[in-house]
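The residues making up each chain are set out below.
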Amino acid sequence: MRTIDWLMQGDPAIRWQVMADLLDEDPEAVARERARVATEGWGAALLAARGADGQWAGGAHFPTTQPTLPGQPWTSTAHVLTELRLLGVDPADPAVRQAIGDVARVTRWEYDDEPFFEGEVEPCINAALVTNAVYFDRVDARIVERLLAERMADGGWNCDQERGSVRSSFDTTIAVLEALAAFERVSDDRSAPTAAVREARASGEAYLLERGLMRRKTTGEIPKPTYTQFAFPPRHEYDALRALEHFRAVGADPDERMREALDIVIGKQREDGRWPLDVVHGGDAVNDYGAVGEPNRWITLRALRVLRWAGEQR
């Protein structure tokens, strides 16, 4: 079976993105398929998991119930909204709009009891919030301004800055870059200066490129094995495929400094044309997106559209 046909046998969240990003199908057909995300499969399961109080698992970043698996649980509001965005659920769907309205009304951060869409204090958390808030039309430009002020001297960001770190991290930097890129798309009528956002994004992208998307600038070492292990969802973790997806999404030109990362993506393709899931991050989650080591539609979709953008079509 052709890889594209295998992808098209998947969840509506996979199908509409294949249609849009790999097959260049008619926008109306893509929109019809995308509309199914809220009512079928993974998207419907996420929406159905919302509690009677209007939020997920009773909290913003953490669930109020005891998790069953070790590691960070992903069942609470912030993480489910990230998944809904990654699935591409239609923000205008009535069930989605109701859910976002309820979150705005009742969800508060565990830190200092701040309203959800007004943000928290850590840049990694606020970055994911901005990316989601842009998607669901709830962005607060003050959080973007905070992220701009938290940029470090080497051009990136680090959640451990308040704990004394003096250098940026790949993990926080990619999250902030995704947030700034999302904000740029809607920033014409927002208060954060668009030029400052663009300049900050450029500096963060330079931080990644100067390090070949995965290596320490000082020693050339790869800081974590997971930087070359592909996950879906990526959660708070960095990996080379996630970085390449960012550069593709902002319309950057392929750069020779991405060569090693692209070669890693190419090298992971199986003989059947599919890509495996390398790792699952954390613990409890609403959806199971596949088993480690098995062919995975999400990783295959993301790899194929990155390689298509880079002119390395398989």
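Check the entry above for the structure.
Residues numbered from 1 in each chain as written. Predicted model: local features only at pLDDT ≥ 70, side-chain atom pairs only at ≥ 80, totals over all residues. Heavy atoms only, no water.

Asks: What is the right way to read the overall build of the protein from this model?
Replies: The helix and strand tally for the protein stands at 13 helices and zero strands. Traced from its N-terminal end to its C-terminal end, the protein shows the element sequence α-α-α-α-α-α-α-α-α-α-α-α-α. The C-alpha atoms of the protein give 19 Å as radius of gyration, which agrees with the globular expectation for 314 residues (20 Å, within 12%). Principal-axis analysis of the C-alpha atoms places the extent of the protein at approximately 50 × 45 × 40 Å. Taking all 314 residues of the protein together, the buried fraction comes to 54%. Carbon and sulfur atoms provide 47% of the accessible area of the protein, an area that totals close to 13,800 Å². Placing the 38 positive and 52 negative side-chain charges of the protein at their respective mean positions leaves the two points 2 Å apart. (Helix = DSSP H or I, 4+ residues; strand = E, 2+ residues; numbered from the N terminus. Rg over C-alpha atoms; globule rule 2.2 N^0.38 Å. Buried < 20%, exposed > 50% of the residue type's maximum accessible area, 1.4 Å probe, protein only. Areas by Shrake-Rupley, 256 points an atom, 1.4 Å probe, with all protein chains shown as cover. Lys, Arg positive; Asp, Glu negative; His and termini not counted. Charge placed at Lys NZ, Arg CZ, Asp CG, Glu CD.)

Asks: Could you clarify how one ought to interpret the state of the cysteines in this entry?
Replies: Every disulfide links exactly two cysteines, by a covalent bond between their sulfur atoms. In this structure the tally under the stated criterion is one disulfide. In this model Cys-124 forms its disulfide with Cys-159; the gap between the sulfur atoms is 2.0 Å. Residues Cys-124 and Cys-159 share a disulfide whose torsion about the S-S bond is about -120°; that sign makes it left-handed. Of this pair, Cys-124 sits in helix α7 (residues 123-135) while Cys-159 sits in the loop between α8 (141-149) and α9 (170-184), and the two are 35 residues apart along the sequence. (Disulfide = S-S within 2.5 Å.)

Asks: I keep staring at the environment of Leu-84 and nothing clicks. Help me out?
Replies: Structurally, the position occupied by Leu-84 is in helix α5 (residues 77-87). With relative accessibility at 2%, the residue Leu-84 sits in the buried group.

Asks: Sorry if this is basic, but what is going on with the nonpolar core here?
Replies: Side chains that are nonpolar tend, in soluble globular proteins, to be buried together. Ranked by size, the top nonpolar core spans 89 residues in total, and within it Leu-84, Phe-116, Leu-208, Leu-213, Leu-244 and Trp-298 carry the most contacts. Of all the elements, α9 adds the most residues to this core, at nine residues. With residues near it in sequence (within four places) discarded, Leu-84 still touches Gly-43, Leu-46, Leu-47, Trp-56, Val-89 and Phe-136. (Core = buried A, V, L, I, M, F, W, Y, C linked by side-chain atoms within 4.5 Å. Contact = heavy atoms within 4.5 Å.)

Asks: Please clarify how the side chain of Glu-33 should be interpreted in this entry.
Replies: Turning to its location among the elements, Glu-33 is positioned in helix α3 (residues 27-35). Setting aside residues up to four positions removed in sequence, Glu-33 forms contacts with Pro-12, Arg-15, Trp-16 and Met-19.

Asks: Help me understand the packing of helix α2 (residues 12-21) against α3 in this model?
Replies: Two packed helices can be described by the angle between their axes and the distance between those axes. As a packed pair, α2 and α3 sit with axes 8 Å apart at the nearest point and diverge in direction by 165°. The angle between α2 and α3 falls in the class roughly antiparallel. Between α2 and α3 lies a crossing of left-handed hand. From α2, Pro-12, Arg-15, Trp-16, Met-19 and Ala-20 reach across to α3, where they touch Ala-29, Val-30, Glu-33 and Arg-34. In the contact of α2 with α3, the residues fall into six nonpolar, no polar and three charged. (Axes fitted to C-alpha atoms, helices over the stretch in contact; angles between N-to-C directions. Parallel < 35°, antiparallel > 145°, perpendicular 65-115°, else oblique. Left-handed = near helix turned anticlockwise from the far one by under 90°. Nonpolar A, V, L, I, M, F, W, Y, C, P; charged D, E, K, R; others polar.)

Asks: For this particular structure, what's the right way to read helix α4 (residues 41-48)?
Replies: Burial in α4 covers these residues: Trp-42, Gly-43, Ala-44, Leu-46 and Leu-47. Contact partners of the buried residues in α4: α2, α5, α6 (94-106) and α13 (297-309).

Asks: Honestly, α8 in this entry has me stumped. Any pointers?
Replies: Side chains three or four residues apart in an α-helix point the same way, a direct result of the helix having 3.6 residues per turn. Along α8, the residues classified as buried are Ala-141, Ile-143, Val-144, Leu-147 and Leu-148. The buried residues of α8 occupy an angular sector of 155° when projected down its axis, which confines them to one face. Exposed and oriented more than 90 degrees from the buried face of α8 are Arg-142 and Ala-149. For α8, the elements touching its buried residues are α7, α9 and α10 (194-209). (Arc of directions from axis to C-beta.)

Asks: I would appreciate a short explanation of the pattern of salt bridges in the present structure.
Replies: Close approach of charged atoms lets side chains of opposite charge pair. Summed over all chains, the structure comprises 32 salt bridges. A salt bridge links Arg-163 to Asp-160, with the shortest nitrogen-to-oxygen separation between them at 2.8 Å. Its relative accessible area of 51% is what places Arg-163 among the exposed residues. Here the salt bridges do not stand alone but share partners, grouping Asp-21, Glu-245, Arg-248, Arg-302 and Arg-305 into one network. (Salt bridge = Lys/Arg side-chain N within 4 Å of Asp/Glu carboxyl O.)

Asks: What's the story with the environment of Phe-232 in this structure? I'm lost.
Replies: Mapped onto the elements of the fold, Phe-232 is located in the loop between α10 and α11 (240-249). The exposure class assigned to Phe-232 is buried, which follows from its relative accessible area of 6%. Not counting the four nearest positions on each side in its chain, Phe-232 is found in contact with Leu-86, Leu-277, Tyr-289, Trp-298, Ile-299 and Arg-302.

Asks: Looking at this structure, how should I read the side chain of Arg-201?
Replies: As for its placement among the helices and strands, Arg-201 is situated in helix α10. Engagement of the side chain of Arg-201 in a polar contact is seen with the side chain of Glu-205, the distance being 2.6 Å. When sequence neighbours within four positions are dropped, the list of residues in contact with Arg-201 reads Leu-177, Leu-180, Ala-181, Glu-184, His-246 and Val-250. (Polar contact = N/O pair within 3.5 Å; in protein donor to acceptor, adjacent residues only side chain to side chain.)

Function cannot be read off these values alone, since they describe shape.
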